[in-house]
Amino acid sequence: MSVRPLLLFAALLFSACTQARLEGSVAMGRESSPEVTNEVVLLPDNLERIRAELIALGRSGTFIKTAETRGYVTWRAGDGSALVTRGGLVISTFGLGFDLISADVSDTLSRVRTRSSGEALRVHQYLDGENQIKTRAFQCNVALRKSNPSSYRMTEDCRGAGVSFVNTYTIGQGGAVTSSLQWLGSDVGYLRLTNVAMNGSVVVISN
């Protein structure tokens, strides 16, 4: 998918997910949230959740899955901030500050899904202070770093636009990304995402 249709698609997802506040989700946006350690949150049985941490900014929260269309998944926190992911890779953010408007991660996603090492092109789009879209392209090297019977880990080493960063992805037996560390931009830094273990309607979040 090209970057421009992806931008429009992400905007439609965010429009759909900002209708109502979700009870039981934990704030993730600009305001600081308490450190979460073995926190118990009551949520409906059928909602998927992820734990998110903006490492450099010291913010963490719980996101609830609110929509999925053609492999694009929208996640929303209690304060209205949101993420869009594709195959576990973040392609757009909303309400986190200095948001990633869209990202083309098709090359990386293909390598993660096939456990294949090699080059990948990643393209990010951001809004500048004058509400103009700025595009940043990164040349990346994706590699399988560690493998065992239950999971494997891949790294995405990227350079471009005067910066460098390394994303990591842990993939479970079913092929889904179970945890990751993903760079969103120079102002925000890294976002750590972790699937939340469920026990009935009770979600236990651990560091």
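Structure: above.
Quick notes on the rules
Residues numbered from 1 in each chain as written. Predicted model: local features only at pLDDT ≥ 70, side-chain atom pairs only at ≥ 80, totals over all residues. Heavy atoms only, no water. Helix = DSSP H or I, 4+ residues; strand = E, 2+ residues; numbered from the N terminus. Buried < 20%, exposed > 50% of the residue type's maximum accessible area, 1.4 Å probe, protein only. Arc of directions from axis to C-beta. Pairing = 2+ DSSP bridges. Axes fitted to C-alpha atoms, helices over the stretch in contact; angles between N-to-C directions.

## Side note on unusual backbone geometry
Argument step 1. The backbone of Arg70 shows a phi angle near 55°, a positive value even though the residue is not glycine.
Argument step 2. Its location among the elements puts Arg70 in the loop between strand E3 (59–69) and strand E4 (72–76).
Argument step 3. Although it is not a glycine, Asn131 adopts a positive phi angle of roughly 60°.
Argument step 4. Structurally, Asn131 can be placed in the loop between strand E8 (118–127) and strand E9 (133–147).

## Quick word on helix H2 (residues 106–114)
Argument step 1. Within H2, burial applies to Thr108, Leu109 and Val112. Projected onto a plane normal to the axis of H2, the buried residues spread over an arc of 100° and lie on a single side.
Argument step 2. Just past H2, the residue Arg115 takes up positive phi, approximately 55°.

## Topic: the sheet that holds strand E10 (residues 151–160)
One key point about sheets: their strands pair by backbone hydrogen bonds, in either a parallel or an antiparallel sense.
Argument step 1. With antiparallel pairing, the 12 strands of this open sheet are ordered in space as E6-E5-E4-E3-E2-E13-E12-E11-E10-E9-E8-E7. The open sheet is flanked by strand E6 (89–94) and strand E7 (100–104), the only strands paired with a single partner. Sheet twist, expressed as the average angle between the axes of neighbouring strands with direction ignored, equals 25°.
Argument step 2. Pairing of strand E5 (residues 82–86) with E6 involves five bridges; the strand directions are antiparallel. Across the sheet, residue Thr85 finds its bridge partner in E6, namely Val90.

## Regarding the environment of Gly174
Argument step 1. Mapped onto the elements, Gly174 comes out in the loop between strand E11 (163–172) and strand E12 (177–185).
Argument step 2. Between the alpha carbons of Gly174 and Ser151 there is a distance of 8.9 Å; along the sequence they are 23 residues apart.

## Structural notes on the pairing of E11
Argument step 1. Across 10 bridges, E10 lies against E11 in antiparallel orientation. Note on E11: the bridge partner recorded for Glu156 is Asn167.
Argument step 2. Remark: two residues form the turn of the hairpin made by E10 and E11, two consecutive strands paired antiparallel; Ala161 in that turn has positive phi of roughly 55°.
Argument step 3. The pairing of E11 with E12 spans four bridges and is classified as antiparallel. Residue pairing for E12: Thr170 is matched across the bridge by Ser179.
Argument step 4. Taking the residues between adjacent antiparallel strands as the criterion, E11 and E12 are bridged by four residues, where Gly175 takes a positive phi near 95°.

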